[in-house]
Amino acid sequence: MAKAIVNANRSKGHINRNIYGHFAEHLGRCIYNGIYVGEASSIPNLNGMRTDVVAALKKMGIPVLRWPGGCFADTYHWRDGIGPKESRKKIVNTNWGGVTEDNSFGTHEFLELCRQLECEPYISGNVGSGTVQEFSDWVEYCNMGGQSPMAEERRSNGQEGPWNVKYWGIGNEAWGCGGNMRPEFYADLCRQYSTYLRNYDTEHPIYKIASGASEGDYNWTKVIMERAGRFIDAVSLHYYTLPRTGDWTDKGPATGFPRSEYYSTLRKTFYMEELVENHSRIIKQYQGDRKIGLCVDEWGTWFDVEPGTNPGFLYQQNTMRDALVSAVNLNIFNNHCDTVVMANIAQTVNVLQAVILTEGEKLLLTPTYHVFEMYKGHQDARQLESYVETTLTGEGEDQVPNLHISASEGKEGVLVTIANLSDTDSAELDCALTGIGRAASVEGRVLTGPCGAYNDFGAEETVRPSHLAAEITDGGFKAVLPACSVAAFTVR
Amino acid sequence: MNSPSCKRCLLRELDGEYFKSIYRYIASLPGEQRSSSDEYARRLKICRACGDLHNGMCAQCGCFAEVRAAKRRLACPMGRWGQEE
């Protein structure tokens, strides 16, 4: 019997809903033929956006969407994507797959997508190959409500009022595809760009996110915070979970993987906790009397592409292993909500750890989708301290805690989310709830299956949530967590 | 990828070196999973006439057309050819 404690008397604060954010890059079939099919498509759409994709993302509770990249952002010139579609530039997407980018999905289309999704837009600006003027104009084009050249141009392209885009990324991976910069150089650029990214409405101030570190590059975060900290609101962090040694040419398959790679993947994903804690410490050390957030604006699994698909498109399947990875990471972000203000899993549709896969007019929801849907009650809820007794499970050097937990108190009651990482052993759970009185009801849901189980076209419902029996006790509730499962308990 | 941009081309007409591994993959498929040669040719003829084929890849599923056509149980994502019985 594993004892868990959820303590409503202690909290790190509210869980920013944006922790449940997503990322959509002009890459492979994420935007084109994934989210956006165009108005003339035979696939049902509203203003070019697939209605089935939009409906599924809304049901999942998508709070924020990052766009247009990624590496693509630092080659993207926003003016190429406005105005009449027939006269927009056609370019080759050199970052991903070498396919032609016709710019039919641009600023207006992205903000129309966010309107349909009822989510916040997060735009990554071009610092690597753009100019300060270009970026400054983009903010003015989107946010200026009064009279100005940019506002007039926006109106002439059909959008009368400002969109008031809040979240702006100052470049992406400036240490790599965003310009191969040293942190000192980027920090100065960040100060310069930040100076000209203006607020056009005091009621809608913009929120500036600096290009942050890759994985454990703590010096990057230190230099950015030290030199540019007072010019930004948050700094980002990117970390991808690879099953094998970190060799990007041999990452391992998304399906049909050996048991050892199930556990190596989980062990590597736990590194996120160390990264978040260490980068958070640096941020706190240098933030002074301002609160600077940490945006984990790229995270998730990265496997070899599905055999026979374009290697530049990063199309991978998604199994119960991915569900466990997402549950562990979301628990980590919840439990560090005092600094983690946003996270964006990569990427929304058809790319890397996607929540939705499409093939023509068909669509399926991945195990990762179901975890996000089961966890959505954490959004904007008050985080609660939680602890669960664990043992180690795994193979060889790849040992991980068998259970992982987070909890919060929101409108629907107390939400306790627990992952059972063991692929062989169920776990009896005895969860004590302190500081909230005796529970009147508890409702359990679970996502479970063999660690390699996945949904495929023609078998879309292989992995889906089901009811999980839970029993109210004097001090909380009891339940049995199946092997390889993610469970969510709502206590009222 | 430095191959020329070509709508309605198959891989074998583009960059043979770059895509050799794809043909090795097709050759490695077990016989019972592979389409018959007549069906393979029929499928690719339909792909060749399709606006979704670009640089040998189907824009609707991300698959190289030759690979998808070679797998007996797969169908065109837009329903232009079906599974082989």
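No experiment lies behind these values; they were computed from the predicted model shown.

**So, empty space enclosed by the protein**
- Following the criterion strictly, the structure yields three cavities of 30 Å³ or more and no others.
- Computed from the structure, the largest cavity encloses a volume of approximately 140 Å³.
- Together, 14 residues line the largest cavity, and B:Cys47, B:Cys50, B:Cys58, B:Cys76 and B:Trp81 are the ones closest to its centre.
- Of all the secondary structure elements, the ones that give two or more residues to the lining of the largest cavity are helix H2 (37-48) and helix H3 (65-70) of chain B.
- Residue composition of the lining of the largest cavity, grouped by class: 10 nonpolar, one polar and three charged.
- By volume, the second largest cavity is sized at about 50 Å³.
- Around the second largest cavity sit 14 residues that line it, and A:Arg66, A:Gly171, A:Ser211, A:Ser236 and A:Asp297 are the ones nearest its centre.
- Sorting the residues of the lining of the second largest cavity by element identifies strand S9 (167-170), strand S10 (207-214) and strand S11 (234-241) of chain A as the ones contributing at least two each.

**Examining the side chain of A:Ser211**
All names here are of chain A.
- If you trace the backbone, Ser211 turns up in strand S10.
- When its relative accessible area of 2% is taken as the criterion, Ser211 is described as buried.
- Residue contacts for Ser211: discarding those within four places in its chain leaves Ile170, Gly171, Asn172, Glu173, Ala174, Tyr186, Trp220, Val235 and Ser236.

**Quick notes on the sheet that holds strand S26 (residues 485-491) of chain A**
Residue and element names in this part refer to chain A.
- Pairing within the open sheet is mixed, and its 10 strands lie in the order S23-S22-S26-S20-S19-S16-S1-S21-S25-S24. Edge positions in the sheet fall to strand S23 (466-468) and strand S24 (470-472), since each of these pairs with one other strand and no more. On average, each strand axis in the sheet is inclined to that of its neighbour by 25°, with strand direction left out of account.
- When strand S1 (residues 2-7) meets strand S16 (residues 382-388), the two strands line up antiparallel, connected through four bridges. Residue pairing across strands places Ile5 opposite Tyr387, the latter belonging to S16.
- The strands that helix H9 (residues 320-335) touches are S16, strand S19 (403-410), strand S20 (413-420), strand S22 (442-448) and S26; relative to S19, the one it contacts most, it runs at about 55°.

About the thresholds
Residue numbering note: each chain is counted from 1, following its sequence as written. Here the convention is simple: chains get letters from A, ligands get numbers from 1, in the order in which they are written. Local features are withheld for residues below a pLDDT of 70 in this predicted model, meaning they are given only at 70 or higher, and side-chain atom pairs are given and counted only at 80 or more; totals for whole chains, interfaces and linings count all residues. No hydrogens and no water enter the side-chain calculation; it runs on all heavy atoms of the structure. Using a grid of 1 Å spacing that covers the protein atoms alone, one calls a set of points a cavity when a 1.4 Å probe fits there but cannot get out, and a pocket when the set is open and has protein on both sides within 12 Å along at least five of seven lines; lining residues are those with an atom within 4 Å of a point. Grid points are joined across faces, edges and corners, and a volume is the space filled by probe spheres set on the points. A run of DSSP states H or I qualifies as a helix once it reaches four residues; a run of E qualifies as a strand once it reaches two. Both are numbered from the N-terminal end. Ten residues, namely Ala, Val, Leu, Ile, Met, Phe, Trp, Tyr, Cys and Pro, are considered nonpolar, four, namely Asp, Glu, Lys and Arg, are considered charged, and the remaining ones, Gly among them, are considered polar. The buried label applies to any residue whose accessible area, calculated with a 1.4 Å probe on protein chains only, is under 20% of its type's maximum; exposed applies above 50%, and partly exposed to all values in between. The contact criterion used throughout is that any non-hydrogen atoms of two residues lie within 4.5 Å. Strands are labelled as partners when DSSP assigns at least two bridges between them. Between N-to-C directions, angles cover 0 to 180 degrees, with each direction set by a line fitted to C-alpha atoms, over the stretch in contact for helices.

Structural measurements only, silent on function.
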